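Close look at the chain arrangement
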Amino acid sequence: MSDKLRVATASLAGCFGCHMSLLDIDERLLELIMLVEFERSPINDIKQIEPVDVAIIEGGVANTDNVEVLREFRRQSNILVAIGACAINGGIPAMRNHFSVKECLEESYINGIGVLNPMIPNDPEIPLLLNKVHPIHEVVKVEYVLPGCPPSGDAIWTFLTELLEGRPIHFPYNEIHYD
Amino acid sequence: MISNLETAENPEKLKRVVIEPLTRVEGHGKVTLLLDENNQIRQARLHIVEFRGFEKFIQGRPYWELPVLVQRLCGICPVSHHLAAAKATDMLVGVKQITPTAEKIRRLMHFGQTLQSHALHFFHLSSPDLLFGYDDEVRHRNIIGVIEDYPELAKKGVLLRKYGQEVIRLTAGKRVHGTGAIPGGVNKSLNTDDRNYLQKDIKQIIEWGEDAVELIKTIYHEHPDYHRDFASIQSNSMSLVNARGEHELYQGGLRARDAQGGDIFDHVDGVRYEDYLCEAVKPWSYMKFPFIQSLGQEQGWYRVGPLARINNCESLSTERAEQQRLEFMPLENGQPVHATLATHWARMIELLHCAEAIEQLLHDEDILGHDLLLKGDMQARGIGVIEAPRGTLFHHYEIDGDGVVQKANLIVSTTQNNQAINESIRQVANNYLSGHELTEPMLNQIEVAIRAYDPCLSCATHALGKMPLEIELLDADGNSLSRIRKQASGEICLGR
Ligand code: SF4
């Protein structure tokens, strides 16, 4: 445990594509676990947020739960990384910012095609939606951003290994450009 | 049926247990249980807590953005959304049949996708429960534990997924959120270098696919009673089949069968889905509850996905997978198999099928063709139906004369499994948890049931979790009497 980098990951309002890209390091995953200890992450069953060196956050902030989880991750981490377009600027889910929450909910649950009993879900178990989807830096301080939708597995690998080595992070051209 | 656990009579008098976030599933959801003073479970629900509003915000966007935009619902099976949207836009641009090269490239992309998704689901997410047991230590019960204890197996899983992702990269341009399919066809085919690169490993991938089926078969037969009974429910099934009734993932008619295997409908053109399916809304979940109209909401819910597809089809078109299907079907003496955990077995048969189908396509010269795109007369309405890894997926769009989206309706696979997943967790709550002191491993059984469906809660929110596992005891007025908090270390804290 000791000298491994402790890493936690979370998906807020994102599509899990950035997490999939993390798995796209393929066989390097077997190497990675020698270097990194995973704390709470969707890929394991740890549900408590423990203190970590690095927290990697996918997705923007769309509801009250997102705010709470993000703040808790911030409190518990030294370095917080915004990964992917959604965490960095809201991404596709932020397209709903052009409409009111009411319009979006009504479209899905009231005006939807083939809906039997139109109503908007309102149980207390469901967290409240925010009026707008926000990038995570509007809620907490962010140390690094890793752009892409999603960034490639190679870019994530470069990022983590450079960070582990304590080097400034430089990407080869092909890892940050898609042309 | 245990639907009576859906809603408790006096919820305010009950203890509430939350499992959140759900882990080793793909997306955002939580489960709540309400218990009485004897720990009898009175209510169990899977909630989808995130809402995105795709149906609204794609209004006003040009139709040609749909295949690249809507796939961002889900990074786990983006190709399914990419292709369902592409098929819907084929219809919008008036193309009934795309070119052979375009169709084969799309099929190749889709087989690659189903292969990688099934590998991910089985090896990375579910295998820890199956290999170590649901009550294995929390910190060990994950893919990293599998890498440590079974490095060869874990590596096969990782490389199977990698291969599927490489097929996607070469057909769609990028592993996650590619751009290969466009309205009326595709924007690239393979060149011989790409083909040779993929051909190099395919024999090995098929071998490993077969090993995966053998592995799950062995696991199943080690504890046959457990695998048959755990989370099992009787349900209707729906899937696509081709004109011969064969297993089909890309293009076919809808077939629905009841729990005994009797026809409900067959070879229905997906374009007419509105005549057959309806959706109900419940106040406690953002995920709707679809059902078959003719049977009504109570009786009409159904399962989709690998188990439904294997139950519903007459055969699989590839040799080894068909052999495996023939070994699978006698499980219930030729009746449809309703063992929820058998879904993993069905999933691995499909993984093998995808590997074989990829090999066949790699020998087809059409994938190197240059005839990629067709045009037709614009239509106002486009509907695309496909079998995503987790089951049938519908995309429906309506556009105006300028090609701008006016209306959209998406019915994703996991939504169609909503009632079935809820029924399965109620079965587990009732048969395995009720009356016991709830511990972390016991609660993991709920998630074991959910994982069998391979739910993509991410898509289903067209959703995020909160805090740790927490049990709160409330008095009749809803005041908190005591609170039990489960730490990640496994230690249980009591407090107010
Ligand atoms: S940035 Fe792209 S891949 Fe990452 S969560 Fe957002 S949509 Fe998905």
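All values reported here derive from a predicted model rather than from experimental measurement. (Residues numbered from 1 in each chain as written. Chains lettered and ligands numbered in written order. Predicted model: local features only at pLDDT ≥ 70, side-chain atom pairs only at ≥ 80, totals over all residues. Heavy atoms only, no water.)

1. Remarks on helix α7 (residues 192-222) of chain B
All names here are of chain B. For α7, spanning 31 residues, the distance from its first C-alpha to its last is 45 Å, which sits close to the expected 45 Å at 1.5 Å a residue. The largest bend in α7 amounts to roughly 40° and is located at I202. If you check the start of α7, you find a side-chain oxygen 3.0 Å away from the backbone N of D193, and it comes from N191. (Helix = DSSP H or I, 4+ residues; strand = E, 2+ residues; numbered from the N terminus. Expected span 1.5 Å × (residues − 1). Bend = angle between axes of the 7 residues up to and from the residue. Polar contact = N/O pair within 3.5 Å; in protein donor to acceptor, adjacent residues only side chain to side chain.)

2. Here we look at the packing of aromatic side chains
Residue and element names in this part refer to chain B. Considering all chains together, one arrives at eleven aromatic pairs over all chains under this definition. Between the aromatic rings of F122 and F123, the centroid separation amounts to 5.1 Å while the plane-to-plane angle is 85°, which identifies the pairing as edge-to-face. Its relative accessible area of 4% is what places F123 among the buried residues. The structure contains a cluster of three or more aromatic residues connected by ring pairs, namely Y220, F328 and W345. (Phe/Tyr/Trp six-rings, centres within 6.5 Å; stacked < 30°, edge-to-face > 60°. Buried < 20%, exposed > 50% of the residue type's maximum accessible area, 1.4 Å probe, protein only.)

3. Topic: the side chain of T171 of chain B
Residue and element names in this part refer to chain B. Looking at the secondary structure, you find T171 in helix α6 (residues 151-172). A relative accessible area of 1% places T171 in the buried class. Among residues more than four places away in sequence, those in contact with T171 are I105, L108, M109, G180, K188 and L190. (Contact = heavy atoms within 4.5 Å.)

4. Remarks on the sheet that holds strand β13 (residues 391-399) of chain B
All names here are of chain B. A sheet is described by the order of its strands in space; here three strands give the open sequence β12-β13-β14, paired in antiparallel fashion. Bordering the open sheet on either side are β12 (381-388) and β14 (405-411), each of which pairs with just one other strand. Shown here is a sheet whose adjacent strand axes are inclined to one another by a mean of 10°, direction ignored. Bridge count for β12 against β13 is eight bridges, and the pairing is antiparallel. Looking across to β13, one finds that E387 is bridged to T392. (Pairing = 2+ DSSP bridges. Axes fitted to C-alpha atoms, helices over the stretch in contact; angles between N-to-C directions.)

5. Here we look at the interface of chain A and chain B
The partner chain B presents 80 residues to the 63 residues of chain A that form the contact. Around 6,500 Å² of area is buried between chain A and chain B when both sides are counted, 62% of it from carbon and sulfur atoms. There are eight salt bridges connecting chain A and chain B. Taking the shortest distance from any N to any O, the salt bridge between E37 of chain A and R139 of chain B comes out at 3.8 Å. Counting every contact that joins chain A to chain B gives 20 residue pairs in polar contact (both at pLDDT 80 or more). Elements that contribute at least two residues to the side of chain A that touches chain B include exactly α1 (17-23), α2 (28-35), β2 (36-38), α3 (64-76) and α5 (101-109) of chain A. At six residues, α5 of chain A tops the list of elements feeding residues into the side of chain A that touches chain B. Here the side of chain A that touches chain B is composed, by residue class, of 33 nonpolar, 13 polar and 17 charged. (Buried area = accessible area lost by both parts, 1.4 Å probe. Salt bridge = Lys/Arg side-chain N within 4 Å of Asp/Glu carboxyl O. Nonpolar A, V, L, I, M, F, W, Y, C, P; charged D, E, K, R; others polar.)

6. Looking at the packing of helix α11 (residues 319-328) of chain B against helix α12 (residues 342-362) of chain B
All names here are of chain B. Closest axis-to-axis distance for the α11/α12 pair is 8 Å, and the angle between their directions is 160°. The orientation of α11 relative to α12 falls into the category roughly antiparallel. Seen from above, α11 lies across α12 with left-handed handedness. Residues E319, R320, A321, Q324, R325 and F328 of α11 pack against A342, W345, A346, I349, L352, H353 and E356 of α12. Per-class residue counts for the contact of α11 with α12 are seven nonpolar, two polar and four charged. (Parallel < 35°, antiparallel > 145°, perpendicular 65-115°, else oblique. Left-handed = near helix turned anticlockwise from the far one by under 90°.)

7. Some details on helix α4 (residues 100-132) of chain B
Residues and elements named next belong to chain B. Along its 33 residues, α4 runs 46 Å from first to last C-alpha, staying within 8% of the 48 Å computed at 1.5 Å per residue. In α4, a bend of some 65° at S126 exceeds every other bend along the element, and P128, a proline, comes one to four places later. For α4, the tally of buried residues reaches 30 of 33 residues, placing the bulk of the element in the interior. One or two steps after α4, the chain reaches G133, where phi turns positive at roughly 95°.

8. What to know about the site of the ligand
Residues in close proximity to the ligand total 13 residues, the closest being C15, C18, A85, C86 and C149 of chain A. One chain alone does not account for the residues near the ligand; they come from chains A and B. Applying the majority rule of atoms within 2 Å of the grid points places the ligand in the second largest cavity. Of all elements in the fold, only α1 and α4 (84-89) of chain A reach the threshold of two or more residues within the shell around the ligand. A per-element tally of the shell around the ligand places α4 of chain A first, with three residues. Its residues assigned to classes, the shell around the ligand shows six nonpolar, five polar and two charged. (Near = heavy atom within 4 Å. 1 Å grid on protein atoms, 1.4 Å probe; cavity = no way out; pocket = protein on both sides within 12 Å on 5 of 7 lines; lining within 4 Å. Sits in = over half its atoms within 2 Å of the grid points.)

Read these as geometric descriptors, not functional statements.
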